[in-house]
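# Chain and residue survey
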Amino acid sequence: MPERDVIGQVYAACFQRLVVQLYAVTGDLGEAQEAVQEAFVRAIGNARKFRGLDNPEAWLCRVAINVSRSRYRRRIFLENVLRRAGPEPVVPDPSPEHVALMAGLRRLPVGQRHAIALHYLADRPVDEVAEILGVSIGTVKSRLSRGRQALAEFFSERSPVA
């Protein structure tokens, strides 16, 4: 049987049980799901080794626990660094305009969304946006133009006609 079929069978048989076990370890369902998913990704990356395991569920559990431990340590480290950097910035509740802008941006193609966000929201010049995105200045200008047009259409659809 191919390695991927073995992993698929183990996934079908063990995923929920592993998530429950990791949920008990982490206390966070989302974290538990992500750690178990990452364990399966690593199993796929080591499919030949995984197929030869006597107890693949135990291996997956150990990997998932190690993943969650590593993520926890990184999160604690980052929190300590940020705490030393100063107080958390005050972020106001998003206004209706902000929520509408985010909805409009989500509708844009990725390239346009990145260009608009970097240029207009992060206040970066066009040449810097081009460098960050790894595209030409002309491409950035085109994406900005098309993105503005799409946003204008989105907002004209949303505004009530008087």
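Residues numbered from 1 in each chain as written. Predicted model: local features only at pLDDT ≥ 70, side-chain atom pairs only at ≥ 80, totals over all residues. Heavy atoms only, no water.

## Examining the nonpolar core
In this structure, V10, L18, L22, V36, F40, F50 and L60 are the most contacted members of the largest nonpolar core, which totals 23 residues. Those elements giving two or more residues to this core turn out to be helix 1 (3-26), helix 2 (29-45), helix 3 (47-51) and helix 4 (56-85). Element by element, the count of residues in this core is highest for helix 1, at eight residues. Counting 11 residues, the second-largest nonpolar core is a separate cluster that includes L108, I116, A130 and L144. (Core = buried A, V, L, I, M, F, W, Y, C linked by side-chain atoms within 4.5 Å. Buried < 20%, exposed > 50% of the residue type's maximum accessible area, 1.4 Å probe, protein only. Helix = DSSP H or I, 4+ residues; strand = E, 2+ residues; numbered from the N terminus.)

## Comments concerning helix 8 (residues 137-158)
Under the 1.5 Å per step criterion, the end-to-end length of helix 8 is 31 Å for 22 residues, consistent within 8% with the ideal 32 Å. Within helix 8 the residues assigned to the buried category are V140, L144, G147, L151 and F154. The buried residues of helix 8 occupy an angular sector of 95 degrees when projected down its axis, which confines them to one face. Along helix 8, exposed side chains directed more than 90 degrees from the buried face belong to K141, R146 and E157. Close packing links the buried residues of helix 8 with helix 5 (96-107), helix 6 (110-121) and helix 7 (126-133). (Expected span 1.5 Å × (residues − 1). Arc of directions from axis to C-beta. Contact = heavy atoms within 4.5 Å.)

## Overview of the packing of aromatic side chains
Scanning all chains against the criterion turns up five aromatic pairs. Each member of the aromatic cluster is reached from another via a ring pair, and the members are Y11, F15 and F40. (Phe/Tyr/Trp six-rings, centres within 6.5 Å; stacked < 30°, edge-to-face > 60°.)

## Section: a nonpolar patch on the surface
A cluster of nonpolar side chains, namely F77, L78, V81 and L82, defines an oily patch on the protein surface of about 390 Å² accessible area. As for its placement among the helices and strands, V81 is situated in helix 4. (Patch = residues over 30% accessible without salt bridge, like charges linked within 9 Å, V, L, I, M, F, W, Y side chains within 5 Å. Areas by Shrake-Rupley, 256 points an atom, 1.4 Å probe, with all protein chains shown as cover. Salt bridge = Lys/Arg side-chain N within 4 Å of Asp/Glu carboxyl O.)

## A closer look at the packing of helix 2 against helix 4
It is at 8 Å that the axes of helix 2 and helix 4 come closest, and there the two elements cross at 125 degrees. For the element pair helix 2 / helix 4, the angle class is oblique. Crossing hand, helix 2 versus helix 4: right-handed. Seen from helix 2, the contacting residues are E31, E34, A35, V36, E38, A39, F40, R42 and A43; seen from helix 4, they are W59, L60, V63, A64, V67, S68, R71 and R75. Per-class residue counts for the contact of helix 2 with helix 4 are 10 nonpolar, one polar and six charged. (Axes fitted to C-alpha atoms, helices over the stretch in contact; angles between N-to-C directions. Parallel < 35°, antiparallel > 145°, perpendicular 65-115°, else oblique. Left-handed = near helix turned anticlockwise from the far one by under 90°. Nonpolar A, V, L, I, M, F, W, Y, C, P; charged D, E, K, R; others polar.)

## Describing the pattern of salt bridges
Here the structure, examined in full by the defined rule, presents seven salt bridges. Overlapping salt bridges bring together E31, E34, R71 and R75 as one network.

## Focus on the state of the cysteines
Under the definition given, this model contains zero disulfides. No disulfide involves C14; its nearest neighbouring cysteine sulfur is the one of C61, lying 10 Å away. Looking at C61, the relative accessible area reads 16%, which means it is buried. (Disulfide = S-S within 2.5 Å.)

## Quick word on the packing of helix 5 against helix 6
To describe two helices that pack against each other, one gives the angle between their axes and the distance between the axes. Relative to each other, helix 5 and helix 6 sit at 140 degrees, their axes nearing to 9 Å. Counting all contacts with helix 5, which are made through L101, M102, L105 and R106, the residues of helix 6 involved are R113, I116 and L121. Partitioning the contact of helix 5 with helix 6 into residue classes produces five nonpolar, no polar and two charged.

Structural measurements only, silent on function.
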